[in-house]
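Take a look at the letters that make up each chain.
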Amino acid sequence: MGDEWRAVETEFEVIPDERSELEDAFARISDAVYTLDADLRYTLVNERARSLFDRSVAATVDEPADTDEAEDGVGVGPVTGRLESLFGDAHQRAFDRQRQITVDAHDERTDRWFEARCHPDESGVTVLVADVTERKRRERQLEEGNRRLRSIFEDAHDAILVGDENEIVAANPAASDLLGIDRSEIAGRSLKEFIHADHDVSSAWETFLERGRLRGSFSLVRPDGTERIVEYNSVANVLPGTHLSVLRDVTEARRRETELERQRERLAALDHVNGVVREINDAIVTGSTRAHLERVTCESLADSPSYEFAFIADVDVRSKSITHRVEAGIDGYIQSISLSTASDDPAGRGPAGKAIRTREMQVSNDVFADPDFEPWREDAREHGYESAAAIPITYDSVLYGILGITSARRNAFTDEERDVVAQLGEILGHAIAALERKRVLLGDELIELELVIDDAVAMFDGPDMTGHSVWFDRVVRTGDEQFLEYGRTAAETFPLLEEIVECVPHWNEVSVLQRTAGDVKFELSITSPPMFGVIDAYGGYVEAAAIHDGKYTTTVHFPTGTDVRAVMDELTDVYSSIRTVARRRISPSSESLDQLHHRLAEALTDRQRTALEMAYYGGYFEWPRDSSGEEVADSMDVTAATFHEHLRAAQHKLISMILDDAETAGEQSAGDR
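Remember, predicted model here, so these are calculated numbers, not experimental data.

Basis of the calculations
Residues numbered from 1 in each chain as written. Predicted model: local features only at pLDDT ≥ 70, side-chain atom pairs only at ≥ 80, totals over all residues. Heavy atoms only, no water. Helix = DSSP H or I, 4+ residues; strand = E, 2+ residues; numbered from the N terminus. Buried < 20%, exposed > 50% of the residue type's maximum accessible area, 1.4 Å probe, protein only. Contact = heavy atoms within 4.5 Å. Pairing = 2+ DSSP bridges. Axes fitted to C-alpha atoms, helices over the stretch in contact; angles between N-to-C directions. Patch = residues over 30% accessible without salt bridge, like charges linked within 9 Å, V, L, I, M, F, W, Y side chains within 5 Å. Areas by Shrake-Rupley, 256 points an atom, 1.4 Å probe, with all protein chains shown as cover. Salt bridge = Lys/Arg side-chain N within 4 Å of Asp/Glu carboxyl O. Lys, Arg positive; Asp, Glu negative; His and termini not counted. Charge placed at Lys NZ, Arg CZ, Asp CG, Glu CD. Core = buried A, V, L, I, M, F, W, Y, C linked by side-chain atoms within 4.5 Å.

A. Representation of the environment of Gly-180 within the structure. Mapped onto the fold, Gly-180 is located in the loop between helix H5 (173-179) and helix H6 (201-211). What makes Gly-180 partly exposed here is its relative accessible area of 45%. Spatially, the C-alpha atoms of Gly-180 and Asp-224 are 7.8 Å apart, while their sequence positions differ by 44 residues. Apart from residues no more than four positions distant in its own chain, Gly-180 is found in contact with Arg-222 and Pro-223.

And the structure:
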């Protein structure tokens, strides 16, 4: 048979011509081929099979190759032995069933895989063998890859969906969690069902098919109505007509980002508001007018990137009208909108109207959702703001005006920012009140009112004061709504005064400073006195007051230009029986006194003036002293060291002025706290 074949001993004789044809046919086959007869004995093994399994054996075992045996046949050697061990069972099954069988077998000696295709007939079995090691390796790699893909698909934290435009065909467990439905209910549904109506699905789908990939985000609505913010990464046609989408729930991350951004905005706004406060304080220190203070406030707020514009409006309590004073960042705003103080008027239900009525800061943190802000929504759209605040400018419950602020940020006036913005009203109110008091002290002319309350003691159910008098020499403000009143009376009248203190709600306590020759000097502490509060709010002060036979009389000075009618309206609201005895314009009694008042008002701080007046009227300068420094300090609610510091500074300035040493006084005032 030449080099191609070795005959296997058989019980029949092969006709030479048939043998030649068989040899030619086997020679044309590139695979390893061998045959078995009906008894499953090996009849032919081609050279490819012999060389393949000779090498397999020779490479791993120390035994001779299947060398030439008798020319007319071979026994079962290493080659046929290996074939039998690998495929013997397959031979038997194929022949028994008379049906083609293909089997794979692993040769452990060589760590290779072989595939045998067994073709049976009645005369035996023909077997074709191929080395499929590389194919098996690829299959194992593919299987491992598929296993990893399945693991990724099932275990991924992100939702994975496979399908087309109208139907989801596969979804992982994370998709079930994201969509809020059972996994078994996802197949057959469309992702479009879950996308918020605001998202332009049609446009996104066209772009997706055109580009083949698409990234983006949308709001997803679950069947229970809850919304989640989703980022997606989609790939088109991973299989023809089938697309892959990976969805990630970024709701919490977006919320955190939004909150961080809001915090950054709030911190920036706080810094801006604090800057405004510093500018107001600088303006106060430099002795600015009320108009300048208001202009600085509005311009500083409008210049801040945190706010759109600001304005200050006047409020006429009698006419209940709101009029323009100053604005920045916008022109003619107050004139262009309707504002009212009345709660039954839609124009009075916004932040400004509420702030006027309550004397507290009012805000609308979402002007487009706030039903009370409906009259000004078109204005908000036109000027680009989403939040608005109205801050009452008050001091001692007296309203000096309304500060309005707008912001393009929704929820701008919350938490710390709201608290700091609210302080602007208090700072301005305090500064305006101080300027009004300074104006009355420095004025060339004053308005003097003499007022009487006929039944002053009786209205509080006090004792009968017929034939008794009490004189009040000075009222000193010691703090917000806190006053000390110094006076004198006869010794026999003082017990009646103590009874009055028990009856009058805003009179706290009276104490004796000095008893001499039948007279008593006293100190009366007062909290939130209605009359003093109104007078102080309009920049006035009490020049003198007394109780005679149960009547309360007082002389009050106000700066020129004061709306006396408004003052009296407010006083009448407190004491209905109050009446004006006299009203006149007066000038300071002498030029030297005028100059002294002027220079004192410029040089002394509020605390220095308070310390000086309380020390004087409290008997600190008497000998022996009626009150010690510690006692006056207690009345001021400060430490003794602080009191003495203020008093020494005030004394130094006063003496310097009396001795006409203006330069020394000016240098000293520069070092004030």
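B. Structural view of the sheet that holds strand E4 (residues 112-121). Taken together, the 5 strands give an open sheet; going across it, the order is E2-E1-E5-E4-E3, and neighbouring strands pair in antiparallel fashion. What marks the edges here is a single partner per strand, and that holds for strand E2 (42-45) and strand E3 (101-107). Along the sheet, successive strands turn relative to each other by an average axial angle of 20°, direction set aside. On the sheet, helix H3 (residues 78-97) packs against strand E1 (32-37), E2, E3, E4 and strand E5 (124-131) and is oriented at approximately 155° with respect to E3. Packing against the sheet, helix H4 (residues 133-155) makes contact with E3, E4 and E5, and its axis sits at approximately 115° to E4.

C. Quick peek at a negative patch on the surface. A contiguous patch of negative charge, built from Glu-279, Asp-282, Glu-299 and Asp-303, is present on the exposed surface. When residues of the negative patch are traced back to their parent elements, those giving at least two are helix H7 (251-285) and helix H8 (290-303). In this fold, Glu-279 is placed in helix H7.

D. Quick look at helix H14 (residues 530-537). In terms of residue burial, H14 counts as a mostly covered element, since 7 of its 8 residues are buried. Along H14, the residues classified as buried are Met-531, Phe-532, Gly-533, Val-534, Ile-535, Asp-536 and Ala-537. Looking at the residues trailing H14, positive phi occurs at Gly-539, about 80°.

E. Expanded view of the nonpolar core. Formed by 77 residues in total, the largest nonpolar core has its most connected members in Leu-403, Ile-405, Val-421, Leu-424, Phe-472, Trp-507 and Tyr-552. Here this core gets 8 residues from one element, more than from any other, and that element is helix H12 (residues 415-442). Apart from residues no more than four positions distant in its own chain, Val-421 is found in contact with Val-273, Tyr-307, Met-361, Ile-391, Ile-405 and Phe-413. Listed in part, the 25 residues of the second largest apolar core include Val-45, Val-79, Ala-90 and Val-129.

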